[in-house]
Amino acid sequence: MVKMSLEPVQVMSGQVAELKVAPSSNGDSAGSWEGKREFDKDHLGLTAKPKPVTGRRARKVEGGVFFPKPENAVTVAVSSRVLFRTEREQKVFEQQGVEEYLRYQIEHENEPFAPGPAFPFVKALEAVNARLRELYPQSEELFDIVLVTYNHAHVGIRLINTINHHNLFIERFCMTGGSSPIGYLKAWQTNLYLSADANKVREALTEGIAAATMFMPEKMTEVSESQLRVAFDGDAVLFSDESERIFKAHGLDKFFEHEKENEDRLLDHGPLKGFLEALGKLQKKFYAKGQRLDCPIRTYLVTARSAASSGIRALKTLRAWGLEIDEALFLAGAPKGPMLEKIRPHIYFDDQMFHIEGAAEMGTIAAHVPYGIAQKHNSKHNTSAGK
């Protein structure tokens, strides 16, 4: 059974107390990284050794600062607690209260946070943007990243310093001072919200915003720095939980019978369908320039459905929606972890903790979509026909 700590971001296999957090990343001193916990290519697929931040730099594109309008962009809102590692700060808040927490953050505001589970994903989004700007210099159809945090505005200076240190292109912040960010997410026309707070993720899903709770595995597989790879579960993620409900209520034989009888009837959409649609829209911009085989976005369907027995309905639904999946893996109930280890996605979305934990054990960054009937059955030993 994989252990998880719940604050500030779920860490697969191990508790926060066991983490060896570097002082220069999370605040004991401004000195060197003690304990030698470096987020290098063996850990994140990226090199990011924290050191004190020394000033602010301008972000310019084609001679001027460039920000896409929310209605034109694919907006990804990311919590500061999944973009960066903030375990030490969270302990200060929990043990000493908000005033000491704010004082601590201000005293250490020139010490950058270390990368969190969403960091490789965000870097991959920025790599795609760089390619899009080369092909379409005037287009606003880009990924737009919004940093969302419950923090007081005083903490913003440390977050800005960290973003500059890691050379991230994030100019849009939403610092709510403890209030819910959901209303702001709607105003940003958010396409995807990633958070460590499962309750806020559920709130976002209720409001029709694609959202998931991020988890950090104890080990992390090296991922591509030039191609964004996003893997999706099928039922209750891209599709509704209709078929999963049949399986839970009536068993596997009835599930197969239901899928056969309804193979020409489309599945209803699930919470992440819109995000796959947004990815496909950007992919087509590369295809239009003859770069289908060199596209920096690649998508995967990783489902426990059986291909012959229940896969045809899923594929017909995607085709009817006008959506392309680059690779579809029908595993017929086999574990997903080994397949995900080969894919090496920047993020994998699933609605069952059973599969989230299995992915994390293999070093995959996984995000839980708390949607559908499986939430009543989530456990390590849960099985599924359609997932």
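Right above here is the structure, for reference.
Here the structure is a predicted model, which means the values were calculated and not measured.

1. Thoughts on the packing of aromatic side chains
By convention here, two paired aromatic rings are described through the distance between centres and the angle between planes.
Consideration 1: Tallied over the entire structure, the rule returns six aromatic pairs.
Consideration 2: Judged by centre distance (6.1 Å) and plane angle (20°), the rings of Phe84 and Phe113 are stacked. You can see Phe84 sitting in strand β4 (residues 84–85) and its partner Phe113 sitting in the loop between α4 (98–107) and β5 (114–115), a full 29 residues away along the chain.
Consideration 3: Relative accessible area serves as the criterion here: at 1%, Phe113 is assigned to the buried category.
Consideration 4: Consider the rings of Phe275 and Phe349, whose centres lie 6.3 Å apart with planes at 75°: the pair is edge-to-face. Taken together, the positions of Phe275 in helix α11 (residues 273–287) and Phe349 in strand β13 (residues 347–350) put the pair 74 residues apart, joining distant regions of the chain.
Consideration 5: Of the residues examined, Phe349 reaches a relative accessible area of 0% and is grouped as buried.
Consideration 6: Three or more aromatic residues joined by ring pairs make a cluster, and in this case those are Phe232, Phe275 and Phe349.
Consideration 7: If you follow Lys285 out to its NZ or CZ, it ends over the ring of Tyr136, 4.0 Å from the centre.

2. Things to note about empty space enclosed by the protein
Consideration 1: Under the defined criterion, the tally for this structure stands at two cavities of 30 Å³ or more.
Consideration 2: Of the voids in this model, the largest cavity is the one considered here, and its volume is about 70 Å³.
Consideration 3: Lining the largest cavity are eleven residues; nearest its centre among them are Thr221, Val223, Pro345, Gly363 and Ile365.
Consideration 4: Grouping the amino acids of the lining of the largest cavity by side-chain chemistry returns six nonpolar, four polar and one charged.

Reading the values: the criteria
Residues numbered from 1 in each chain as written. Predicted model: local features only at pLDDT ≥ 70, side-chain atom pairs only at ≥ 80, totals over all residues. Heavy atoms only, no water. Phe/Tyr/Trp six-rings, centres within 6.5 Å; stacked < 30°, edge-to-face > 60°. Helix = DSSP H or I, 4+ residues; strand = E, 2+ residues; numbered from the N terminus. Buried < 20%, exposed > 50% of the residue type's maximum accessible area, 1.4 Å probe, protein only. Lys NZ or Arg CZ within 6 Å of the ring centre and 35° of its normal. 1 Å grid on protein atoms, 1.4 Å probe; cavity = no way out; pocket = protein on both sides within 12 Å on 5 of 7 lines; lining within 4 Å. Points joined across faces, edges and corners; volume = space filled by probe spheres on them. Nonpolar A, V, L, I, M, F, W, Y, C, P; charged D, E, K, R; others polar.

Bear in mind that shape data such as this cannot, by itself, settle questions of function.
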